[in-house]
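# Fold and contact review
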Amino acid sequence: AALTVTLGANAHAAGQLVVGFAQVGSESGWRAAETKTAKIRATQNNIDLKISDAQQKQENEIKAARSFIAQGVDGIFIAPVVATGWDGVLREAKEANIPVFLLDRQIETSDPSLYTAAVTSDTILEGHMIGDYLAGLTHDKCRIVELQGTVGSSPAINRKKGFEEAIAAHPDMKIVRSQSGDFTRSGGKQVMESFIKAENNGHDICAVFAHNDDMGIGAIQAIKEAGLKPGKDILVVSIDGVPDMFKAMADGDANGTVELSPDMAGPAMKALIALKTDKTQPAKWIKTPSTLFTPATAQAEYDRRKSMY
Ligand code: GYE
């Protein structure tokens, strides 16, 4: 084993760490920004980053992780598409002494020592912030339709939970329909079309809460095609803070979003380097900030962000 390690290390420039990143796919604008940012951070940190696109399938992520283990990488990043089913492959990584960082989604495990740290936003808080904000916009009275993210993913579970906790304080706010649009624009549009049909051509819907901006943008299209005005006839709130949502808010088509940083890889790389150089144990949860944005500042925020992605 010692020989293999030496050969692996020699294959790279001195001091250069090799990291394998099992990425979910490219279902959303936020995801694309995260991948792009990861590549930039890799260059800045002199890390050889190998990214695998799992096309939204956990089995592909597990396969990628196994191949990274076989290659003897210095660290593995996983953006876990769903929350459960990770213990087996994580145990293999642990036995191979390879630290694993979870990016942007959490997992459910009976043994948290199987991964080193998770870099994510507080997805319960995001749902809570949107629920509180919507309560203010609607004077605590609203028939809400909900577009959920990928079934079984931690942000879908947690954003729903946080939102429900927030509106529970307001008896006249209710989620009347809820279905997954899989975090995609087309999924959001399709599900919103069916909600509109089922709710008196949309006239009985006060607001749509989408678990991400892409589904929110899909919903905006569906609302327009039904002859209604998004942002007014049906309020639109979501989470991510991608440039297209700032544009939608500036255009009056949407009402609010909670931004989360697309830079999950940067903090993970920093923690990995500290771990490798002087054995510094990172915090188990490296939490990124959540910020609410509204139409009031949308144009300026859009102009500022356009160039960043
Ligand atoms: O909000 C969504 C993406 O896991 C936090 O996944 C991430 C979510 C993000 O598809 O746009």
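Residues numbered from 1 in each chain as written. Predicted model: local features only at pLDDT ≥ 70, side-chain atom pairs only at ≥ 80, totals over all residues.

## Quick look at the UniProt feature "domain: Periplasmic binding protein" (unreviewed entry) in the protein chain
When the UniProt feature table is mapped onto this chain numbering, "domain: Periplasmic binding protein" (unreviewed entry) sits at residues 20–268. Note that residues 20–268 is 43% helix and 22% strand, and that its end C-alpha atoms are spaced 12 Å apart. (UniProt positions renumbered as here; feature names shortened; annotations may be inferred. Helix = DSSP H or I, 4+ residues; strand = E, 2+ residues; numbered from the N terminus.)

## Side note on the sheet that holds strand β2 (residues 47–53)
Within the open sheet, the 6 strands sit side by side as β2-β1-β3-β4-β5-β11. Their pairing is parallel. Two strands lie at the open edges of the sheet, namely β2 and β11 (285–288), each paired on one side alone. Shown here is a sheet whose adjacent strand axes are inclined to one another by a mean of 20°, direction ignored. Direction of pairing for strand β5 (residues 117–121) relative to β11: parallel, over a ladder of 4 bridges. (Pairing = 2+ DSSP bridges. Axes fitted to C-alpha atoms, helices over the stretch in contact; angles between N-to-C directions.)

## Focus on the packing of helix α5 (residues 123–137) against helix α6 (residues 154–167)
Put simply, α5 and α6 touch, their axes get as near as 6 Å, and they point 35° apart. Note on packing geometry: the crossing formed by α5 with α6 is right-handed. Contact residues: Thr 123, Ile 124, Leu 125, Glu 126, Gly 127, His 128, Ile 130, Gly 131, Asp 132 and Ala 135 in α5; Ser 154, Pro 155, Asn 158, Arg 159, Lys 160, Lys 161, Gly 162, Phe 163, Glu 165, Ala 166 and Ile 167 in α6. Of the residues belonging to the contact of α5 with α6, the class tally is 8 nonpolar, 7 polar and 6 charged. (Left-handed = near helix turned anticlockwise from the far one by under 90°. Contact = placed C-beta atoms within 7 Å. Nonpolar A, V, L, I, M, F, W, Y, C, P; charged D, E, K, R; others polar.)

## Some thoughts on the site of the ligand
Near the ligand you find Glu 27, Ser 28, Trp 30, Arg 31, Asp 104, Arg 105, Pro 155, Phe 183, Asn 212, Ile 239 and Asp 240, and these make up its full shell. Along the lines of polarity and charge, the residues of the shell around the ligand split into 4 nonpolar, 2 polar and 5 charged. (Near = placed C-beta within 6 Å.)

## Digging into the pairing of strand β6 (residues 142–148)
Along β6, 6 of the 7 residues are buried, which leaves the element largely enclosed by surrounding structure. For the segment spanning β6, α6 and strand β7 (residues 173–180), crossover handedness is right-handed. Pairing between β6 and strand β8 (residues 207–210): 4 bridges, direction parallel. Counterpart to Ile 144 in the pairing with β8 is Ala 207. (Buried ≥ 20, exposed ≤ 12 C-beta atoms within 10 Å, placed from the backbone. Right-handed = clockwise from strand over helix to strand, strands pointing away.)

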